[in-house]
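Next come the chains, spelled out residue by residue.
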Number of protein chains: 2
Amino acid sequence: MTSIDVAKLAEVSQSAVSRTFTPGASVSDATRERVMAAASELGYRPNALARAMISGRSRLIAILVAYLENQFYPVVLEKLSRALQADGYQVLLFMTDPGGQDEVVRRILQYQVQGILMASATMSSNLANECAETGIPVVMLNRYVANTSASSVTSDNIEGGRMVADFLVRAGHKRIAYIAGIEDSSTNRDREAGFYSGLADHGLVVSGRSVGNYTFEGAALATRELFSRSVKPDAIFVANDHMAFAVMDVIRSELGLRIPEDVSIIGYDNVPEASWNAYGLTTVEQHPEEMARTAIKILLEQVENRTVAKRAAILPAKLIVRSSARTPD
Amino acid sequence: MTSIDVAKLAEVSQSAVSRTFTPGASVSDATRERVMAAASELGYRPNALARAMISGRSRLIAILVAYLENQFYPVVLEKLSRALQADGYQVLLFMTDPGGQDEVVRRILQYQVQGILMASATMSSNLANECAETGIPVVMLNRYVANTSASSVTSDNIEGGRMVADFLVRAGHKRIAYIAGIEDSSTNRDREAGFYSGLADHGLVVSGRSVGNYTFEGAALATRELFSRSVKPDAIFVANDHMAFAVMDVIRSELGLRIPEDVSIIGYDNVPEASWNAYGLTTVEQHPEEMARTAIKILLEQVENRTVAKRAAILPAKLIVRSSARTPD
DNA sequence: CTCAATAGCGCAAGCGATTGTAGAAATTGA
DNA sequence: TCAATTTCTACAATCGCTTGCGCTATTGAG
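These figures come from a predicted structure and were not determined experimentally.

A.B. asks: Would you take a moment to explain the protein's contact with DNA strand C for this structure?
C.D. replies: With respect to spatial proximity, 26 residues lie near DNA strand C, and among them Ser28, Thr31 and Ile54 of chain A together with Ser3 and Ser18 of chain B are the closest. When the atoms of DNA strand C within 4 Å of the protein are grouped by moiety, sugar and phosphate amount to 58% of the total. Contacts to DNA strand C include Ser3 of chain B, whose backbone N or O atom sits 2.4 Å from a phosphate oxygen. One of the side-chain nitrogen or oxygen atoms of Arg57 of chain B is found 3.2 Å away from a phosphate oxygen of DNA strand C. With four residues, helix H2 (residues 14-20) of chain B is the largest single contributor of residues to the surface near DNA strand C. Tallied by class, residues from the surface near DNA strand C come to nine nonpolar, 12 polar and five charged.

What follows is the structure in structure tokens.
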């Protein structure tokens, strides 16, 4: 079923059909009605690919995600996706793996996407650059890369880390450890930097550090390592919630310690599971809905105005107090 | 950058360029090299939309999901997406909401997708039909609808339910309750039917039932309701894991009961969180990787052979025993 | 009543590729 | 060496639509 078939049945020109399906085009009510009648009789639907070709606007936005295991990403993906749909854009989803990123970029560009959203802390800055070089607007979520024309939306990770340090110190903790995410991710760097600076404000330094690489198993290992040392922490800041659950599991089940009586745990993200009673994780909120909204606002602005003015939005961090960490008096 | 530009630079015809980028087409090595050189000099990438138009193969597969909160869906989505990418297809992601499903179908069809994967227990059979009517292959994951030409991939929900009943009865439980998901979903119907039949095999009937609608909050309410009755259950089969976590939270934190000493809980799905120590949820596994693999195999078979022979794959269910339910001796 | 302005429609070019066909070039065999 | 065969390449039609342009019909002001 093409617009020509509809045109024939409605006894109008093919352009009249096209115009009826183009909002704002100049068609009389009479023509529009005849066209619509013919269209619905034939079950006609305009071919979006043809439209994209001729108009140069595919209304396709690529979303790149590295993994969906950490519940933060599905949540963000859902918000992004719904918002884009509401604005009349379609989402082309790509799962990246550490190896084949060039391949991914090549594909994205072939599909003439109008913009790219990269929602992953573990995304190479290289990739961001490659995309941006083509002139397609790129917005990175939860990651900041210097020397790129890509925009970014992050929470205030530095301030978030600082708040955690302050909270733990004021609760009376002395031996405060840190479990890192992926070393060269901007989220980890900023959270860690803010955390150390917050400790320093109270004249403290971190009393232990190990690396969990943002994975569940990595965090379990990191925890065992921390507690195998002579100085055992009485509080741990874990670089994200996803790892914090593993940490809590190891501390309670394997080490037989109580939370928060023996050890306080604070995470980052405020994923849905953090509010589950079995964990009751005190954490720093990254408001996924707002991050998604902001990212889309920036992206669409660039898409629609064809201006690729880099912007970096930093959303405020907020500490969510639950039961996994002792509270200051 | 179009193929014409490349052709000019390489001093060959535009068709030669096209053929170099078409695997299996007849081009001499000499020509191919010249074209490749010119292409990489200009940074040329074939336009996938133009290719799709003329060839009638968009290599686009739509995936419909209703929500990503239940971790089962992100996991499945990731598997599906990676597998499709590996086969050279792109994923067009759509989040459906109960209201605007017609709108979603309209969009999908406009983008000339070659197949549709519906990964959601809460998808109207109507929608499935509308899609299938157009002749585009549809595979439903985790949902079965009669009177459709859509294929489906499910786990053996009936057998799964039966296994749970058998396990609980043999562990000595007498007052066994059921918390339902969405009433008219096929997963709920089958799990419940299998469960009752399993109880009947031991001469028992369910001792309480309430509805959680597959939501976290719904399950919490359902639990409170169950325990407000005069006969309190000593075991509960919850229609999926996502709800089971809420159930466990309410039982332990609000009702002050111990699991599994006072109440046994069994879920369904074996989502990643089920293995977290704080829950240690005994559950029925739905192997997401295998479900994804099967779904894609069926879908691509239909896409590539243009045969829309309906198929219904039922994968075996497997009980995963952890600590949330008493075990038979 | 006349003329300028405007609204609506049709024509046709073109978006960037694929692909059947036909001819030129290269290869083969006798 | 020449005819027969096999590559390989170029030409051109086509996919389904948007959109600038020009024409006709309508409208309204003077």
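We are not done yet, so read on.
A.B. asks: Any chance you could explain the nonpolar core here in plain terms?
C.D. replies: Side chains that are nonpolar tend, in soluble globular proteins, to be buried together. By size, the foremost hydrophobic cluster in this structure holds 152 residues, and its most contacted members are Leu117, Ile236 and Ile265 of chain A together with Leu117, Ile236 and Ile265 of chain B. Ranked by size, the runner-up nonpolar core spans 47 residues in total, among them Leu60 and Leu109 of chain A together with Val105 and Ile108 of chain B.

A.B. asks: Looking at this structure, I do not really get the protein's contact with DNA strand D. What am I missing?
C.D. replies: Taken together, 25 residues form the shell around DNA strand D, and within it Ser3 and Ser18 of chain A together with Ser13, Thr31 and Ile54 of chain B come nearest. A share of 59% of the atoms of DNA strand D within 4 Å of the protein falls on sugar and phosphate groups. Take Ser28 of chain B: an N or O atom from its side chain is 2.7 Å from a phosphate oxygen of DNA strand D. Listing elements by their share of the surface near DNA strand D, those giving two or more residues are helix H2 (14-20) and helix H4 (48-55) of chain A together with H2 and helix H4 (48-55) of chain B. Ranked by the residues each element gives to the surface near DNA strand D, the list is headed by H2 of chain A, at four residues. Of the residues assigned to the surface near DNA strand D, the class counts are nine nonpolar, 11 polar and five charged.

A.B. asks: Please clarify how the relation of the copies chain A and chain B should be interpreted in this entry.
C.D. replies: For these two chain copies, the linking operation is a rotation about an axis paired with a shift along it. Rotating chain A by 180° and moving it 0.0 Å along the rotation axis overlays it on chain B with an RMSD of 0.1 Å. When the rotation and shift are considered jointly, the pair of chain copies conforms to a two-fold rotation axis. Considering only C-alpha atoms, the part of chain A nearest the rotation axis is Leu92 of chain A, at 2.3 Å. Most of the interface of chain A is mirrored in chain B: 100% of its interface residues are interface residues there too.

A.B. asks: What is the right way to look at the pairing of strand S5 (residues 151-155) of chain B in this model?
C.D. replies: For a regular strand, the rule is simple: side chains alternate between the two faces of the sheet. Residues and elements named next belong to chain B. Across the five residues of S5, five count as buried, placing the element largely inside the fold. Burial of the side chains of S5 extends over both faces: Ser151, Val153 and Ser155 are buried on one face and Ser152 and Thr154 on the other. Here strand S4 (residues 138-141) runs beside S5; their pairing, made up of three bridges, is parallel. Bridge pairing in S5 places Leu141 opposite Val153. For S5 and strand S11 (residues 312-315), the ladder comprises four bridges, and the chain directions are parallel. Residue pairing for S11: Ser155 is matched across the bridge by Leu315.

A.B. asks: Help me understand the packing of helix H1 (residues 3-10) of chain A against helix H3 (residues 29-42) of chain A in this model?
C.D. replies: Helix packing for two helices is described by the angle between their axes and how far apart those axes are. All names here are of chain A. Interaxial distance between H1 and H3 falls to 9 Å at its minimum, and their mutual angle equals 120°. Here H3 runs oblique to H1, going by the angle between their axes. Seen from above, H1 lies across H3 with right-handed handedness. Along the contact surface, H1 presents Asp5, Val6, Leu9 and Ala10, while H3 presents Arg34, Val35, Ala38, Ala39, Glu41 and Leu42.

A.B. asks: Can you help me understand unusual backbone geometry in this one?
C.D. replies: A negative phi holds for most residues other than glycine; trans holds for most peptide bonds. Pro260 of chain A follows Ile259 of chain A through a cis peptide bond whose omega is 5°. Tracing the chain through its elements places Pro260 of chain A in the loop between helix H11 (241-254) and strand S9 (264-269). The backbone of Asn270 of chain A sits at a positive phi, close to 55°, despite the residue not being glycine. Inspection of the secondary structure puts Asn270 of chain A in the loop between S9 and strand S10 (282-285). One non-glycine residue, Arg59 of chain B, lies in positive phi territory at about 55°. The topology assignment puts Arg59 of chain B in the loop between H4 and strand S1 (60-65).

A.B. asks: Honestly, the pairing of strand S6 (residues 176-180) of chain B in this entry has me stumped. Any pointers?
C.D. replies: Residue and element names in this part refer to chain B. The element S6 is extensively covered by neighbouring structure, given that five of its five residues are classed as buried. Going residue by residue along S6, you find Ile176, Tyr178 and Ala180 tucked away on one face and Ala177 and Ile179 tucked away on the opposite face as well. Bridge analysis of S6 against strand S8 (residues 235-238) gives four bridges, and the strand direction is parallel. If you follow Tyr178 over to S8, its bridge partner there is Phe237.

The rules behind these values
Residues numbered from 1 in each chain as written. Chains lettered and ligands numbered in written order. Predicted model: local features only at pLDDT ≥ 70, side-chain atom pairs only at ≥ 80, totals over all residues. Heavy atoms only, no water. Near = heavy atom within 4 Å. Polar contact = N/O pair within 3.5 Å; in protein donor to acceptor, adjacent residues only side chain to side chain. Helix = DSSP H or I, 4+ residues; strand = E, 2+ residues; numbered from the N terminus. Nonpolar A, V, L, I, M, F, W, Y, C, P; charged D, E, K, R; others polar. Core = buried A, V, L, I, M, F, W, Y, C linked by side-chain atoms within 4.5 Å. Buried < 20%, exposed > 50% of the residue type's maximum accessible area, 1.4 Å probe, protein only. Least-squares fit on C-alpha atoms with pLDDT ≥ 70 in both. Contact = heavy atoms within 4.5 Å. Pairing = 2+ DSSP bridges. Axes fitted to C-alpha atoms, helices over the stretch in contact; angles between N-to-C directions. Parallel < 35°, antiparallel > 145°, perpendicular 65-115°, else oblique. Left-handed = near helix turned anticlockwise from the far one by under 90°.

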